[in-house]
Amino acid sequence: MEHRATLIPGDGIGPEVTQAATRVVEAAGVQVNWERVEAGADVFVKYGTPLPDEVLNSIRTTGVALKGPIGTPIGGGFKSANVLLRQSLDLYACVRPIQTIPGVPSRYSDVDFVIVRENTEGLYSGLEHRVTAGVVESLKVVTETASLRIARYAFELAREQKRPSVAAIHKANIMKLSDGLFLECARRVARDYPEIELRELIIDNCAMQLVTRPEQFDVLLMDNLYGDILSDLGAGLVGGLGVVPGSNVGSECAVFEAVHGSAPDLAGQGKANPTAVIRSAAQLVAHLGEIKAAARIENAVVTALSDPAYQTGDLGGKATTSELTDAILHNLD
Ligand code: NAI
């Protein structure tokens, strides 16, 4: 069966790693007719927006996309295309599995949890203004509707994956109303899942627990900003940003992308680790219903990475993007 999907190569290392991923999907025997559209910093220079309508229209039509990272200027310039994309398509759940990969160098050997991040509001609502010279306000928006639906997503995922607990991460001791509402919604949803324990952790304690005993966690439920930060921390527990995949899921569409950014320091050098985007593509393939092919890709990645000769610079090795990709392709045979 031939599938349709949108492909956004993105900025920096994006084109290199998404190309590696589409090669792997093809070699796994999954026929995808990729509709290629451009978004990001270069597009902004040409069209005055980092996210042209054709990108959103394409994803609305295909229902699924593989996306490379998109750079966002710091302190000024255009609004994040990533945030715009997630909000425009209501991709409310950002899901990032953080799992030890055998053979990939890391301080831990038994990490296995999933971050479920609310993806549409919080401090990413983009509502900032200058009150007067030297004073700005940034609004953290928390709604009952979005908090209940992300909590339900986390508990459903825990049930489906037979994970015994969901930890709601908050700072409701300080942000009593906003984080208080988020936490209250998690408590309400938890009542429908008596077999799953609801844990509650203040974000600062959670950060410490993650680096001392990461094996205690199953599903971590949190708001937009906390999820962004703890995703990178989580990546650091299992080998780094080069290996962790992710998805942004809504009721109509899903966009698959790595946790990492455009890594401008590596762009165009053939040194980027393609693993995170290849594993994101494997999740896309599973989403399309090609479960066996997705498992084959995941196994081929793990086998390739178990040999230090195929590990890229971020993992302490010397392999190039194409050497690791070729090893993964070879393992699919
Ligand atoms: P980054 O994730 O691009 O890079 C952080 C560090 O990790 C760098 O040392 C980089 O070389 C390394 N790294 C990242 N991906 C790698 C890979 N696949 N292989 C090997 N090493 C890798 O984060 P940074 O530097 O904070 O952001 C750069 C740009 O990316 C910014 O404009 C930011 O806004 C954007 N960004 C985009 C995201 C997205 O599109 N979803 C997510 C995060 C950042």
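Above this text is the structure in question.
Below is a summary of the structure that appears in this document. (Residues numbered from 1 in each chain as written. Predicted model: local features only at pLDDT ≥ 70, side-chain atom pairs only at ≥ 80, totals over all residues. Heavy atoms only, no water.)

One pass over the full model with this rule turns up zero disulfides. Not part of a disulfide, Cys 94 finds its nearest cysteine sulfur in Cys 253, a span of 15 Å. On the basis of relative accessibility, which here comes to 1%, the residue Cys 94 falls in the buried class. (Disulfide = S-S within 2.5 Å. Buried < 20%, exposed > 50% of the residue type's maximum accessible area, 1.4 Å probe, protein only.)

Below, the discussion takes up the packing of aromatic side chains. Applying the stated criterion to the full structure yields four aromatic pairs. The interplanar angle of 75° and the centroid separation of 6.4 Å between the aromatic rings of Phe 113 and Phe 217 together place this pair among those described as edge-to-face. With a gap of 104 residues between them, Phe 113 in strand E5 (residues 112-118) and Phe 217 in the loop between helix H7 (203-212) and strand E10 (219-222) connect regions that are remote in the sequence. Considered together, Phe 113 and Phe 217 belong to a single accessibility category, that of buried residues. Stacked on the ring of Tyr 124, the Lys or Arg Arg 117 has its end atom at 5.4 Å from the ring centre. (Phe/Tyr/Trp six-rings, centres within 6.5 Å; stacked < 30°, edge-to-face > 60°. Helix = DSSP H or I, 4+ residues; strand = E, 2+ residues; numbered from the N terminus. Lys NZ or Arg CZ within 6 Å of the ring centre and 35° of its normal.)

Another aspect to go through is the side chain of Asn 273. Mapping Asn 273 onto the fold places it in the loop between strand E12 (254-256) and helix H9 (275-287). A distance of 2.6 Å separates a polar atom in the side chain of Asn 273 from a polar atom in the side chain of Thr 275. Engagement of the side chain of Asn 273 in a polar contact is seen with the side chain of Asp 314, the distance being 3.1 Å. If near-sequence neighbours (up to four positions away) are discounted, Asn 273 is found in contact with Val 17, Gly 242, Val 243, Thr 312, Asp 314, Leu 315 and Leu 324. (Polar contact = N/O pair within 3.5 Å; in protein donor to acceptor, adjacent residues only side chain to side chain. Contact = heavy atoms within 4.5 Å.)

Let us look at the pattern of salt bridges. Close approach of charged atoms lets side chains of opposite charge pair. Throughout the structure, instances matching the rule amount to 17 salt bridges. The partner of Asp 326 in a salt bridge is Arg 23, with the nearest N and O atoms 3.1 Å apart. Highlighted residues: Asp 326 in helix H11 (residues 321-332) and Arg 23 in helix H1 (residues 14-27), separated in sequence by 303 residues. We classify Asp 326 as partly exposed; its relative accessible area is 38%. Taking the relative accessible area as the measure of exposure, Arg 23 reaches 36% and is therefore partly exposed. Between Arg 149 and Asp 90 there is a salt bridge; the shortest N-O distance is 2.8 Å. Residue Arg 149 is found in helix H5 (residues 144-160), and its partner Asp 90 is found in the loop between helix H4 (81-88) and strand E4 (93-99); the two are separated by 59 residues along the sequence. Judged by relative accessible area, Arg 149 falls into the partly exposed class, the value being 26%. Owing to a relative accessible area of 30%, Asp 90 belongs among the partly exposed residues under this scheme. (Salt bridge = Lys/Arg side-chain N within 4 Å of Asp/Glu carboxyl O.)

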